[in-house]
Amino acid sequence: MKHFLKETDFKPHELGEVFALAREFKAKRGRNATPILAGQTWAMIFSKSSTRTRVSFEVGIHELGGNPLFLNKNDIQLGRGESVEDTAKVLSRFVHGLIVRTFDHSEVERLAAAGNIPVINALTDFLHPCQIYTDAFTMTERWAKNDDLVGSLRGRKIAFLGDTACNMANSWILGANLFGMKISLSGPAEFAPGAELKAQLQREGFPADSYQFTTDPFLAVKDADVVYTDVWVSMGKEDEKTERIRQMSPYAVSAKLFAAAKPDALFMHCLPAHPGEEVEQAVLDNPRSIIFDQAENRLHTQKAIMAVLAKDARK
Ligand code: CP
Ligand code: NVA
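Quick look at the structure, then. Each chain carries its own residue numbering, running from 1 in the direction its sequence is written. Written order decides the labels, with chains lettered from A and ligands numbered from 1. Totals for whole chains, interfaces and linings use every residue, but because this is a predicted model, local features are given only for residues with pLDDT of at least 70 and side-chain atom pairs only at 80 or more, for both listing and counting. No hydrogens and no water enter the side-chain calculation; it runs on all heavy atoms of the structure.

## Here's the deal with the site of ligand 1
The environment of ligand 1 is formed by S50, T51, R52, T53, R101, H128, Q131, C270, L271 and R298. Here a polar contact is taken to be a pair of N or O atoms separated by no more than 3.5 Å, where protein atoms must pair a possible hydrogen donor with a possible acceptor and residues adjacent in sequence count only if both atoms sit in side chains. Within the contact set of ligand 1, an oxygen atom lies 2.6 Å away from a side-chain nitrogen or oxygen of S50. H128 is positioned such that a nitrogen or oxygen atom in its side chain is 2.9 Å from an oxygen atom of ligand 1. To be clear on the numbers: accessible area is Shrake-Rupley with a 1.4 Å probe, and residue cover counts the displayed protein chains and nothing else. Contact with the protein chains covers 95% of the free accessible surface of ligand 1, which is 260 Å². Site definitions follow a grid-based scheme: protein atoms alone, a 1 Å grid, a 1.4 Å probe that fits but cannot get out for cavities, and for pockets an open set with protein on both sides within 12 Å along at least five of seven lines, plus lining residues having an atom within 4 Å of a point. Here the criterion for a molecule occupying a pocket or cavity is that more than half of its atoms lie within 2 Å of the pocket grid points. When each cavity is represented as a set of grid points, ligand 1 is found to reside in the largest pocket. Nearness is defined per residue: one heavy atom within 4 Å of the molecule or strand is enough.

Here you go:
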């Protein structure tokens, strides 16, 4: 059974298929619906808040002819201590796919291992692969000159600023390696990419020096094609808010810092944003900020991810 728990779960040919399908779904939006999930129900177990991920998956499942079933973790027995494994086995008897947003990454791995339906990681503390695929697809909309969408990413440089140990930073390190991009991260030294990510890079066969980390944000954005940031206080880290803001404030994406990247560099943010913290409002409003294209493309890209998984599950 094929799952999408991390960026590298799709083989290179499937990656190309996801991007091509995302482009096709976007072009056809509202017409010629493709009923790939007709007669299917896909459950969504969320243990954290969400606007984009929840809505884009619910709408996307509808648009593919399926039925989305949203389950707040605390409303089901999983929230009262039923095991992850029994939950996966029971849901596998009812539904055709499972989309999960949770804290501990091992929870999505255990659900995938115990059930017999495709599982999609809709964000864990470790990774956010749906966002990375969407972001990369959004970049191809600006850069691709032909149908080789993935090829248009090769050699490009992304600079990631701020919380360089968060799920988005980890996922972008894996994503950059997968897409053949260069990545430079800049944040406080205590937030340099951690052991879990390094172990993952090793398992994937990516070199240990497959990313650069610097405490100098201007060095990180030099020659960057994309300047990327995320909130400084991820879900679950609220207790550390005051200290994180103090530590990360030198890494805020100001207009001056953005101007130090390539003259045609794009600004990207997975959202939600906290203007005045990790990014200045002027940068969010810059014509080269493509944050709302990213948000919209969650829908098209995740429909493509579900289509590829559903095709595999039918084999
Ligand atoms: N970017 C993202 O995943 O947004 P939500 O938390 O609103 O789903
Ligand atoms: N790093 C953020 C991403 C939100 C989409 C968080 O985990 O809260």
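## Considering helix α4 (residues 105-114)
Residue pairs spaced three or four apart in an α-helix point in one direction, given the helix's 3.6 residues per turn. We call a residue buried when its accessible area falls under 20% of the maximum for its residue type, exposed when it is over 50%, and partly exposed in between, using a 1.4 Å probe and counting protein chains only. For the purposes of this entry, the term helix denotes a DSSP run of H or I that reaches at least four residues, the term strand denotes a run of E that reaches at least two, and both are numbered from the N terminus. For α4, the full list of buried residues reads H105, E107, V108, L111 and A112. All buried residues of α4 project into a common sector of 165 degrees when viewed along the axis, lining one side. Packed against the buried residues of α4 are α3 (84-94), β3 (97-101) and β4 (119-121). Each C-beta atom gives one direction from the helix axis, and the arc is the one those directions make. Pairs of residues are marked as contacts when any of their non-hydrogen atoms sit within 4.5 Å.

## With respect to the side chain of T8
Within the secondary structure layout, T8 lies in the segment before α1 (12-28). Among the residues examined, T8 registers a relative accessible area of 19% and is labelled buried. Apart from residues no more than four positions distant in its own chain, T8 is found in contact with L178, E204 and F206.

## A closer look at the nonpolar core
Judged by nonpolar contacts, the single largest core of 60 residues is most densely connected at F19, I99, I120, Y133, W172 and F179. Discounting residues that sit within four places of it in the chain, Y133 has contacts with F4, E7, F10, L15, V18, F19, L178, F179, T301 and I305. Nonpolar cores are built from buried Ala, Val, Leu, Ile, Met, Phe, Trp, Tyr and Cys residues. Side-chain atoms within 4.5 Å join them into one set.

## Here we look at the layout of surface pockets
Reported here for the largest pocket is a volume of approximately 420 Å³. V231, S234, M235, L271 and P272 are the residues nearest the centre of the largest pocket, which is lined by 26 residues in total. Listed by contribution, the elements that provide at least two residues to the lining of the largest pocket are α2 (52-63), α6 (167-179) and α9 (241-248). For this scheme, ten residues count as nonpolar: Ala, Val, Leu, Ile, Met, Phe, Trp, Tyr, Cys and Pro. Four count as charged, namely Asp, Glu, Lys and Arg, and the remainder, Gly too, count as polar. For the lining of the largest pocket, the class distribution of residues is nine nonpolar, nine polar and eight charged. By volume, the second largest pocket is sized at about 280 Å³. Together, 18 residues line the second largest pocket, and D125, A165, C166, N167 and N170 are the ones closest to its centre. Every element with two or more residues in the lining of the second largest pocket is listed here: α6 and α7 (195-204). Per element, the largest residue contribution to the lining of the second largest pocket is three residues, and it comes from α7. Grid points are joined across faces, edges and corners, and a volume is the space filled by probe spheres set on the points.

## Let's talk about the site of ligand 2
Surrounding ligand 2, one finds L123, N167, D230, V231, S234, M235 and L271. Take D230: an N or O atom from its side chain is 2.6 Å from a nitrogen atom of ligand 2. Within the complex, the protein chains bury 94% of what would otherwise be the 270 Å² of accessible surface of ligand 2. Applying the majority rule of atoms within 2 Å of the grid points places ligand 2 in the largest pocket. When its residues are assigned to classes, the shell around ligand 2 shows four nonpolar, two polar and one charged.

## Considerations on the sheet that holds strand β9 (residues 266-269)
If you walk across this open sheet you meet the five strands as β7-β6-β5-β8-β9, and the pairing is parallel. A single partner strand is all that each edge strand has here, and the edge strands are β7 (212-214) and β9. Across this sheet, the average inter-strand angle for adjacent strands is 20 degrees, counted without regard to direction. Here three bridges tie strand β6 (residues 182-186) to β7, and the two strands are oriented parallel to one another. Bridge pairing links L185 to F213 in β7. Think of each axis as a best-fit line through the C-alpha atoms, taken over the contacting stretch in the case of a helix, with angles from 0 to 180 degrees between the N-to-C directions. The sheet strands contacting helix α5 (residues 129-143) are β5 (157-161), β8 (226-229) and β9, and the helix crosses β9 at an angle near 160 degrees. Contacts from α6 reach β5, β6 and β8, with the element oriented near 160 degrees to β6. Here a strand pair is declared whenever DSSP counts at least two bridges between the two strands.

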